[in-house]
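Structural overview for review
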Amino acid sequence: MQARPRIIPHLWFDKEALEAAEFYTSLFPQSRTLHVGTIHDTPSGDTDTVVFELAGQTFQAISAGPSFKFNPSISFFVNFDPSRDEQARARLDEAWQALQDGGQVLMPLDEYPFSKRYGWVQDRYGVSWQLILSNPEGDPRPFLVPCLLFTDGNRGRAREAGEFYRSVFPDSEVGQLEFSPPEESGGGADELVMFSDFRLGDTWFAAMDSPIEHGFGFNEAISFIVECRSQQEVDHYWEGLSADGGEKGPCGWLKDRYGLCWQVVPAELFGMLEDPDEEKVARVTQAFLSMSKLDIEELRRAYSGG
C-alpha cells in the first residue's frame, strides 16, 4: 500500500502573497511563516513565494501576476469546536470581523439549521472562508478543511468527484454524505449533495453541489499540491488525476476532469528551491520550467550541476 501523501493548498496572488500570509498567520492559532523566497526568470518574471502554516495545515502562496482570480468555488471551512475550546464562539466572531474587513459577505454570520453560528465570507484578497461553530457531538474534523463547490457545468457531480478522488488516493476515507431536499434542488432531476466530506491522504475535503448557476468555477488561483516521495508516486498521481478528460499542463500542473487544478510535485523539489545557493536554484528552476510531468532524476542532475 502506498503511504499517504501530503496535500498542500496553493494560492496564486497577483502581488499580495507575502501580505496575505502575514494576515492569515496573525489570525489563526498555531500559525507561522516557514519560508519566504523568490523564484527568478519564470514566465511571470520574478515571483515571491511563501510557505506558511495555519492551525498546523501547510499552505503555499505565490505572487505571480493577475492571470487568475479567486472565487468561491473553493473555500476553506474553519471549524470552531466548543468541545475543544470554550472560547470557540468568541474566537469565531473575532476571525469573522477580521476576514470581512474589506471583503464581501456571501452568507451573513447567523444561526442556521445546521449550525448555531455560521457565515461565509470572501476576504480582502478574494479567498473564501466558511466559519462554523461545530457540533461537539459530530465526528471530529481538522480546524481547516478545503471545500469544493460544484456548480454550473459541474452541478450534480460532487458525489461522483468524491468517489473519483478516493479511487486515486490510497487509504482514503468516506465521511458524511447528505443530499438536498428535492424542493431545494433547483427543479432539476439530479440528486444534489448538500454536504459531503472525505479524507485524501491526511487531508479532509468537503464537497457540495450548488442548485443555482454562479458563473464561476475552479481555476488556477487555488490548486492542490500532491507531495510525492518517489517517481512512482509522481507517475501514479499524474496519470490518475488527469485520467478520463483531465488536462496535463506544464511544471507538474494538471486539471482533472472537473477542472480542479493539482500540482504533482516531488517533495525534495521544495528543499532544492530553498537552497541558499542561487546557482543551484536557478538550474533547478529552469529544469522544472521545461517539464510537463516532473522527473526527479532530471531535477537532481540540475541541482548537482551534473
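Structural notes, computed from the coordinates. (Residues numbered from 1 in each chain as written. Predicted model: local features only at pLDDT ≥ 70, side-chain atom pairs only at ≥ 80, totals over all residues. Heavy atoms only, no water.)

Quick look at the overall build of the protein chain
What counts is decided by this rule: Each helix corresponds to a stretch of at least 4 residues labelled H or I by DSSP, and each strand to a stretch of at least 2 residues labelled E; elements are numbered beginning at the N terminus. Computation of the radius of gyration draws on C-alpha atoms alone. For the globule rule, the value is 2.2 Å times the number of residues to the power 0.38. Only protein chains enter the area calculation, which uses a 1.4 Å probe; residues under 20% of their type maximum are buried, those over 50% are exposed, and those in between are partly exposed. Only heavy atoms enter the contact rule, under which two residues are in contact if any of them lie within 4.5 Å. Residue exposure ignores everything except the shown protein chains as possible cover, and the areas themselves are Shrake-Rupley values with a 1.4 Å probe. For the charge count, each Lys or Arg is scored as positive and each Asp or Glu as negative, with His and the chain ends excluded. Each charge is placed at NZ for Lys, CZ for Arg, CG for Asp and CD for Glu.
The number of helices and strands found in the protein chain is 7 helices and 16 strands. Here the C-alpha radius of gyration of the protein chain, 20 Å, is about what a compact globule of 306 residues would show, namely 19 Å. The principal-axis extent of the C-alpha atoms belonging to the protein chain is close to 60 × 40 × 35 Å. Here the protein chain holds 306 residues, and the buried ones make up 52% of them. Contacts in the protein chain between residues at least 24 apart in sequence constitute 64% of all its contacts with a sequence separation of at least 6. Accessible surface computed for the protein chain: about 14100 Å², of which carbon and sulfur atoms make up 47%. Taken as two groups, the 26 positive and 50 negative side-chain charges of the protein chain have centres that lie 3 Å from each other.

What to know about the sheet that holds strand β2 (residues 32-42)
Going by this rule: Strand pairing is assigned whenever DSSP detects at least two bridges linking the two strands.
One open sheet holds the 8 strands; their spatial order is β2-β3-β4-β1-β13-β16-β15-β14, and the pairing between them is mixed. Each edge of the open sheet carries a strand with a single partner, namely β2 and β14 (247-248). Both β14 and strand β15 (residues 253-255) contribute to a ladder of 2 bridges, which runs antiparallel. Each residue of the ladder has a partner; that of K248, found in β15, is L254.

Some words on unusual backbone geometry
In this model, A55 sits at a positive phi of 50°, which is unusual for a non-glycine residue. Counting through the fold element by element, A55 comes out in the loop between β3 (45-54) and β4 (57-63). At D152, a residue that is not glycine, the phi angle is positive and equals roughly 50°. Here D152 lies in the loop between β9 (144-150) and α3 (158-168).

A few points about the pattern of salt bridges
Cut-off, in case you're wondering: Salt bridges are identified by distance alone: a Lys or Arg side-chain nitrogen within 4 Å of an Asp or Glu carboxyl oxygen.
Per the stated rule, a full pass over the model turns up 19 salt bridges. Here R6 ties to E227 by a salt bridge, and the two come within 2.8 Å at their closest N and O atoms. Remark: E227 occurs in strand β13 (residues 222-228) and R6 occurs in strand β1 (residues 6-13); sequence separation between them is 221 residues. By relative accessible area, R6 is classed as partly exposed at 39%. Exposure remark for E227: the relative accessible area of 13% places this residue in the buried category. Salt bridges here are not isolated pairs; linked through shared partners, they connect R4, D171 and D202.

Notes on the pairing of strand β7 (residues 115-122)
In terms of burial, β7 is largely enclosed, as 7 of its 8 residues are buried. Across 5 bridges, strand β6 (residues 104-112) lies against β7 in antiparallel orientation. Of the residues in β7, the one forming a bridge with M107 is W120. Connecting β6 to the next strand, β7, in antiparallel fashion are 2 residues. Across 5 bridges, β7 lies against strand β8 (residues 128-133) in antiparallel orientation. Considered in β8, the bridge of W120 is made with Q130. Linking two consecutive strands that pair antiparallel, namely β7 and β8, is a turn of 5 residues; a positive phi of about 100° is found at G126 within it.

A few points about the side chain of Q263
The line we're drawing: Polar contacts here mean pairs of N or O atoms no more than 3.5 Å apart (in protein, one a potential hydrogen donor and the other a potential acceptor; neighbouring residues in sequence count only if both atoms are side-chain atoms).
The residue Q263 is located in strand β16 (residues 261-266) in this model. Q263 gets classed as buried once you look at its relative accessible area, which sits at 8%. Looking at Q263, its side chain comes within polar contact range of the side chain of H10, at 3.4 Å. Here the side chain of Q263 touches W253 through a polar contact of 3.3 Å, side chain to side chain. Leave out the neighbours within four places in its chain, and Q263 touches H10, S223, F224, I225, V226, G252 and W253.

Structural notes on the nonpolar core
The cut-off we apply is this: Nonpolar core, defined: a set of buried Ala, Val, Leu, Ile, Met, Phe, Trp, Tyr and Cys residues in which side-chain atoms within 4.5 Å join the residues together.
Counting 63 residues, the largest nonpolar core has L11, F13, Y24, W129, Y165, L241 and W262 as the members making the most contacts within it. With 6 residues, the top contributor of residues to this core is helix α1 (residues 17-27). When sequence neighbours within four positions are dropped, the list of residues in contact with Y24 reads L11, F13, F52, L54, D123, Y125, V127 and W129. Counting 19 residues, the second-largest nonpolar core is a separate cluster that includes I62, L269, M272 and F288.

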